[in-house]
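An overview of the molecular structure
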Amino acid sequence: MRARPLCILASGFLLGILVNSTRNEWILLPAVGGFLWLVCNIRREKSRLSAYGKLLFYSAGFLCGIWRYGAEQEFRAAYEPLLKDGMKIVLQGELEEKEYKNNTYLYYLNKCYLKLEPSMVPANSNITGELIIPCNQVIAELDTDEIPIGKVLVLEGSVYAFRQARNEGNFDEKSFYQSQKIDFKLKNVSVVELHGEEDEFRESLYRLKQRLKNVYANCMTAETGGVITMMALGDKSLMDTEIKELYQKVGISHVLAISGLHISVIGMTLYKLLRRVVGSFVISGTLAGGFMFAYGCMAGFRPSATRAIIMFFMMLLGQMLGRSYDSLSALSLSGMWLLWENVFLLEYAGFLFSYGAVLGVVLVGKIVVNTFQEKNKLRDSLYSSFSIQLVTVPLTAYFYFEVPIYGMLVNFLVLPMMSILLFFGLLGGFIGLVWMDAARWILVPCQLILLFYQKLSGIIQGLPYAGLITGQPELWRMIVFYCALAVMIYVIWKRKKVW
């Protein structure tokens, strides 16, 4: 196995965050195990300098992860105890994203500052006068989307504190939003002041997104239009709740997220086309990379999309420099990038499922598939699907309290049609901007495929033992499972190396 300093650094950084966030002695098992493995590896390495370098990378990443999580927790603790549900506050923030949901517009504000009056400050505090403190992202509810992205808003409104789940298995609103670095919502909002310049680029992409969403709403049924809007644009405002729950129960909810599939269909297709037309690696890579960055801005740069785009950029950079592309190193870089920006993503299901699925393919799947001397596409596809399920099944049990028994079978039937679905979906959306009647015909394959998904999910859901109710597994059980899986994969890899 080649030396991968980014993977070692990312492993230490991840474990450092987990040690500080969970405060669970079981998490020390992989943390200490990784350190001891690198210490034992010093004697086996041909270059002692390389072996000590790996140990240094791991230790630096581990300590950095502990520090980063502590700093973010301290930042949140500086203002969170001061906020009470229903409290009137003044807040300033830069408009980063807009979303239409439940008949209202949600404004996602970044670079936020809270202004608290003296009466809001606790009596035992030494602070006198007004208190202005920075805070994490905030969602503000407004009834219009006329304010352009990029503007700095001064708002007055009431604090809405996110609710915690009262019963096991219920939706935990507080955990969901705080994992995305959003600590509260602002309701009954009035705009006091507007400052700054409009971000014309991002506002234009937002308007384009609304026009594409209108094409899907007019050319498809309510159910299929909502699914393709979420798949292609990352917008869930039209998504039917029952369809989303059905996909989740049978184990194919991942098809709704913008991920590596979008990059392969859009980015790689564009890049290969430009390579044939232009010939230059640099020009083709720059144009394809710029287009994918714009697509990510339009879709909202969710964790799965950001991960896929960073990995795509790394592949393009390798092509430009004439170097080979290593998916594990690119995955590690994207993970550190996202976790540095938001250490709380380790509590976000979408982040964990996205990285778990990729690790299942590039690590578990490839090692298992490569144990066979002869290639077989059907068998390799089955093993890859099985590897994804193997890595993500503990996460499914942890977040959804049940496991879809037939998940691998459903994914094996669903995934081959995803490229066709996404291609015609995007093509029909853009054609519909200029010719709505033509878009209706282009989107017919999408409607047929999505109806097949819905019927298949309904049949699977009706089978005996379709879902196994597990409850939320304890953390130590998940750690033992992943440690055992890591040991098993390492043994298989060593045997393959010997062969």
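Scroll up a little and you will see the structure.
Residues numbered from 1 in each chain as written. Predicted model: local features only at pLDDT ≥ 70, side-chain atom pairs only at ≥ 80, totals over all residues. Heavy atoms only, no water.

1. As for the overall build of the protein chain
Spelled out, the test is: In this description a helix means any DSSP run of H or I spanning at least four residues, a strand means any run of E spanning at least two, and both kinds are numbered starting from the N terminus. When we talk radius of gyration, it's over C-alpha atoms, and the globule rule is simply 2.2 Å times the number of residues to the 0.38. Remark: exposure states derive from per-residue accessible area (1.4 Å probe, protein chains only) relative to the maximum for the residue type, with buried under 20%, exposed over 50%, and partly exposed in between. In this analysis, two residues are considered to be in contact whenever any of their non-hydrogen atoms come within 4.5 Å of each other. To measure how exposed things are, a 1.4 Å probe is used in the Shrake-Rupley method; for residues, cover is taken only from the protein chains shown.
Across its full length, the protein chain holds 18 helices and eight strands. The C-alpha radius of gyration computed for the protein chain amounts to 24 Å, which stays within 12% of the reference 23 Å derived for 499 residues, consistent with globular compactness. The buried share of the protein chain, taken over its 499 residues, is 46%. At a minimum sequence separation of 6, the contacts of the protein chain that also span at least 24 residues come to 75%. Entry remark: accessible area of the protein chain is about 25800 Å², with carbon and sulfur atoms responsible for 61%.

2. Focus on the pairing of strand S1 (residues 88-101)
Here is the rule we go by: Strands are treated as partners if at least two bridges between them are detected by DSSP.
The pairing of S1 with strand S5 (residues 152-160) spans seven bridges and is antiparallel. Counted as the bridge partner of Lys88 is Ser158 from S5.

3. Quick notes on the packing of helix H6 (residues 222-233) against helix H15 (residues 418-432)
Each packed pair of helices is defined by two parameters, the angle between the axes and the distance between the axes. Using the following cut-off: All axes here are fitted lines through C-alpha atoms, helices being fitted over the stretch that makes contact, and every angle between N-to-C directions spans 0 to 180 degrees. Any angle that falls under 35 degrees is termed roughly parallel, while one over 145 is termed roughly antiparallel, one within 65 to 115 roughly perpendicular, and all others oblique. Residue polarity follows a fixed list, in which Ala, Val, Leu, Ile, Met, Phe, Trp, Tyr, Cys and Pro are nonpolar, Asp, Glu, Lys and Arg are charged, and the others, Gly among them, are polar.
Where H6 contacts H15, the two axes come as close as 10 Å, and the packing angle between them is 90°. Here H15 runs roughly perpendicular to H6, going by the angle between their axes. Between H6 and H15, the residues in contact are Ile228, Met231 and Ala232 and Met418, Leu421, Leu422, Gly425 and Leu426, respectively. Each residue belonging to the contact of H6 with H15 can be placed in one class, and the counts come to seven nonpolar, one polar and no charged.

4. Overview of the pattern of salt bridges
Stated precisely, the cut-off is as follows: Salt bridge criterion: a side-chain nitrogen from Lys or Arg within 4 Å of a carboxyl oxygen from Asp or Glu.
In the structure shown here, the tally under the stated rule is 17 salt bridges. The residue Asp145 makes a salt bridge to Arg207 at a minimum N-O spacing of 3.0 Å. Remark: Arg207 occurs in helix H5 (residues 200-219) and Asp145 occurs in the loop between strand S4 (137-142) and S5; sequence separation between them is 62 residues. Given the relative accessible area of 33%, Arg207 is considered partly exposed. One salt bridge connects Glu203 with Arg207, and the closest N-O pair in it is separated by 2.9 Å. With Glu203 and Arg207 both in helix H5 and four residues apart, the pair spans about one turn of that helix. For Glu203, a relative accessible area of 6% translates into the label buried. The network of salt bridges with shared partners includes Glu94, Lys111, Asp199 and Arg202.

5. Structural notes on the nonpolar core
To keep it simple, the criterion reads: Side-chain atoms within 4.5 Å link the members of a nonpolar core, which is a set of buried Ala, Val, Leu, Ile, Met, Phe, Trp, Tyr and Cys residues.
Grouped together as the largest cluster of nonpolar side chains are 52 residues, with contacts concentrated most on Met220, Val227, Tyr247, Leu256, Leu421, Leu450 and Tyr453. Counting residues per element, this core draws most heavily on helix H9 (residues 281-299), at seven residues. Filtering out sequence-adjacent residues up to four positions away, Leu421 remains in contact with Ile228, Met231, Cys446, Ile449, Leu450 and Tyr453. Within the second largest apolar cluster, 28 residues are counted, among which are Leu91, Leu114, Cys135 and Tyr206.

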